[in-house]
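# A closer look at the structure
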Amino acid sequence: MTQRTRIEGSLDHRHQKQHLPFAFSVPPGATKLTIRFDYSPKISDGQSLTNDLSLTLFDPQGARGARHNNRDRNLTITAHSATPGYVPGALQPGIWTVWIDSHRLLPSSVVTFTFEIEISDEPVSEPEQVWIKGKTAPRGSGWYRGDLHGHTYHSDASWDVPDFVQYGRDYKLDFVTLTDHNTISPLAQHDSYSADDLLTMGGMEMTTYYGHALALGLRQWLEWRVDAADAAMPELADRARYAGATYIIAHPLSVGDPFCTGCDWQYPDMMPGSARCVEVWNGPWDGASNNPLALELWYSWLNQGYRMAATAGSDIHGAADYASFGFNNVYAEALREDAILTAIRQGHLYLSSGPQLELTGRASQHSGMMGDLLAGDSLTMQVTWRGCAEGDHLRLIVNGQVSEEFSCLNSGQHQWTLDTAQARWCLVEIRDAKNDMRAVTNPIFTGTEAGWR
Ligand SMILES: [Zn+2]
Ligand SMILES: [Zn+2]
């Protein structure tokens, strides 16, 4: 028997950036749920932008995923299979809720929508898909290069999980991190591809209407809907961290509304609030993410006394050949997800599209590396680089200002001694002939814990 329900309605610009719930009942014995969702118009007259609606689904016990995707609006869930973005499993009887997430509704549109919900109790014969977690030998302490941000067909990318993993292997990365928008549905499959040559890490990009944040290291869905959760972003960030996630503000000064709704960070109470990691290099350095402005924002937060780490993320959505991707070069105690993420929170990393760059410091008999805090009257810093190209120049940045600059052909090293009464934090950048970033370290901080937030 198949139970059918049809829901119709209309929305306009006033419904933009809302979460609109539609409840339906699933009877005992259900084996297959199909939701066909459609709306019109997709594109308003005279505009190149689209009306963007996505769906988030809840069963009586919790979230069953989301599809942040403008191409495929139908979903099917059975015990053993689900449309990408959603999680397979038993169809618990009771009240389910499908939410429309209205990311963009153009001012000139009245959008009519329909849900056709079909629930069947016919037997479904399909094999259970079991993903066995792959293993990566941890290799011990050392430098590991990888990506902290990428997408698949489980949200809005144009490729599937095996393609994403292959990209990591093609780029000879040590780790890749899959962070689909508002869903964890690809992570079990992704983890099955871990092997000695590549560690697969996981998380979710909390893709809110007022900014995006990466929550890394979890395999559980996190509430991302600031309004529907009746919680402000600082509370959602706390929840993510209490659950064990590494929380990173993503591409904070990206182009935003109306072209990329919600892509720029607009949370006044999280500037940076409790966040201690920020993605300053998203995709190509000179792309729409406005990385130079994100770097300036990070420098201003450092100058306000926030001891924050900077990260990079390709934010890759399909086949690309971006020579100016920044990757994270992390000094971790092992090639293991928890060790990589711990090192990132400590700032033990530099970001680079090519050159190798190591920064160490020494003050009052104590030595440390980028991300560390060193107390003493003076700080001696040593930088070592390899892989620079014609036109590259190296900059010492102290408290956000260029303190010294020289060309850095190929490889070399240099040493400075700074008066810590003046130098609160310092780092090293390598820029190319156009002044685009080639590599940037995290800072060495001076003083004591009490002097930093
Ligand atoms: Zn994003
Ligand atoms: Zn992303």
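One structure accompanies this document, and this report is about it.

Thresholds, definitions, all that
Residues numbered from 1 in each chain as written. Chains lettered and ligands numbered in written order. Predicted model: local features only at pLDDT ≥ 70, side-chain atom pairs only at ≥ 80, totals over all residues. Heavy atoms only, no water. Donors = N, O, S within 2.8 Å, 3.2 Å for Na, K, Ca; no water. Core = buried A, V, L, I, M, F, W, Y, C linked by side-chain atoms within 4.5 Å. Buried < 20%, exposed > 50% of the residue type's maximum accessible area, 1.4 Å probe, protein only. Contact = heavy atoms within 4.5 Å. Phe/Tyr/Trp six-rings, centres within 6.5 Å; stacked < 30°, edge-to-face > 60°. Helix = DSSP H or I, 4+ residues; strand = E, 2+ residues; numbered from the N terminus. Salt bridge = Lys/Arg side-chain N within 4 Å of Asp/Glu carboxyl O. Pairing = 2+ DSSP bridges. Axes fitted to C-alpha atoms, helices over the stretch in contact; angles between N-to-C directions. Disulfide = S-S within 2.5 Å.

Once that is clear, we can look at the coordination of the zinc ion (ligand 2). Coordination of the zinc ion (ligand 2) by the protein is provided by His149 (NE2), His151 (NE2), Glu205 (OE) and Asp315 (OD), with metal-donor distances spanning 2.0 to 2.2 Å. In the primary structure, the donors to the zinc ion (ligand 2) are separated according to the pattern H-x1-H-x53-E-x109-D. The zinc ion (ligand 1) is placed at 3.5 Å from the zinc ion (ligand 2), the two being bridged by Glu205.

Grouped together as the largest cluster of nonpolar side chains are 81 residues, with contacts concentrated most on Tyr167, Phe175, Tyr247, Trp298, Tyr299 and Ile340. In contact with Tyr299, other than residues within four places in its own chain, are Ile397, Gly400, Trp425, Leu427, Glu429 and Val440. Counting 27 residues, the second-largest nonpolar core is a separate cluster that includes Ile7, Phe22, Ala30 and Tyr39.

Further remarks concern the coordination of the zinc ion (ligand 1). Coordination of the zinc ion (ligand 1) by the protein involves Glu205 (OE), His212 (ND1) and His251 (NE2), with metal-donor separations of 2.0 to 2.1 Å. We note that the donor set of the zinc ion (ligand 1) lies within a single chain, spaced as E-x6-H-x38-H. Taking the relative accessible area as the measure of exposure, Glu205 reaches 0% and is therefore buried.

Moving on: the packing of aromatic side chains. A full pass over the atoms with the stated rule returns 28 aromatic pairs. Ring plane angle 70° and centroid distance 5.4 Å describe the contact between Trp143 and Tyr331, whose orientation is recorded as edge-to-face. Pair noted here: Trp143 is in strand 9 (residues 142-146) and Tyr331 is in strand 16 (residues 327-332), with a separation of 188 residues, a long-range link. The partly exposed category is assigned to Trp143, whose relative accessible area is 30%. Of the aromatic side chains, those joined through ring pairs into one cluster are Trp159, Phe164, Tyr167, Tyr171, Phe325 and Phe327.

This brings us to the pattern of salt bridges. By the definition in use, this model includes 24 salt bridges. Put simply, Glu116 and Arg6 hold a salt bridge, and the shortest N to O gap is 2.8 Å. Here Glu116 is found in strand 8 (residues 110-120), whereas its partner Arg6 is found in strand 1 (residues 2-12), with 110 residues between them in sequence. Its relative accessible area of 33% is what places Glu116 among the partly exposed residues. Relative accessible area serves as the criterion here: at 49%, Arg6 is assigned to the partly exposed category. In this structure, Arg64 engages Asp59 in a salt bridge whose closest nitrogen and oxygen atoms are separated by 2.9 Å. In this pair, the class of Arg64 matches that of Asp59, namely buried. The network of salt bridges with shared partners includes Arg395, Glu405, Glu429 and Arg431.

Okay, the pairing of strand 12 (residues 211-216) next. The element strand 12 is extensively covered by neighbouring structure, given that six of its six residues are classed as buried. Of the two faces of strand 12, the one holding Gly211, Ala213 and Ala215 and the one holding His212, Leu214 and Leu216 are both buried throughout. Pairing of strand 11 (residues 199-208) with strand 12 involves six bridges; the strand directions are antiparallel. Residue pairing across strands places Thr208 opposite Gly211, the latter belonging to strand 12. Direction of pairing for strand 12 relative to strand 13 (residues 246-249): antiparallel, over a ladder of four bridges. In the sheet register, Leu214 faces strand 13, and the bridge partner there is Ile248.

Attention now moves to the sheet that holds strand 8. Pairing is antiparallel across the open sheet formed by four strands, whose spatial order is 1-8-3-6. What marks the edges here is a single partner per strand, and that holds for strand 1 and strand 6 (75-78). Across the sheet, the mean angle from the axis of one strand to that of its neighbour is 10°, orientation sign disregarded.

Moving on: the state of the cysteines. Linking two cysteines covalently through their sulfur atoms gives a disulfide. Using the criterion set out here, one finds one disulfide in the structure. The thiol of Cys426 is unpaired, and the distance to the nearest cysteine sulfur, on Cys408, comes to 18 Å.

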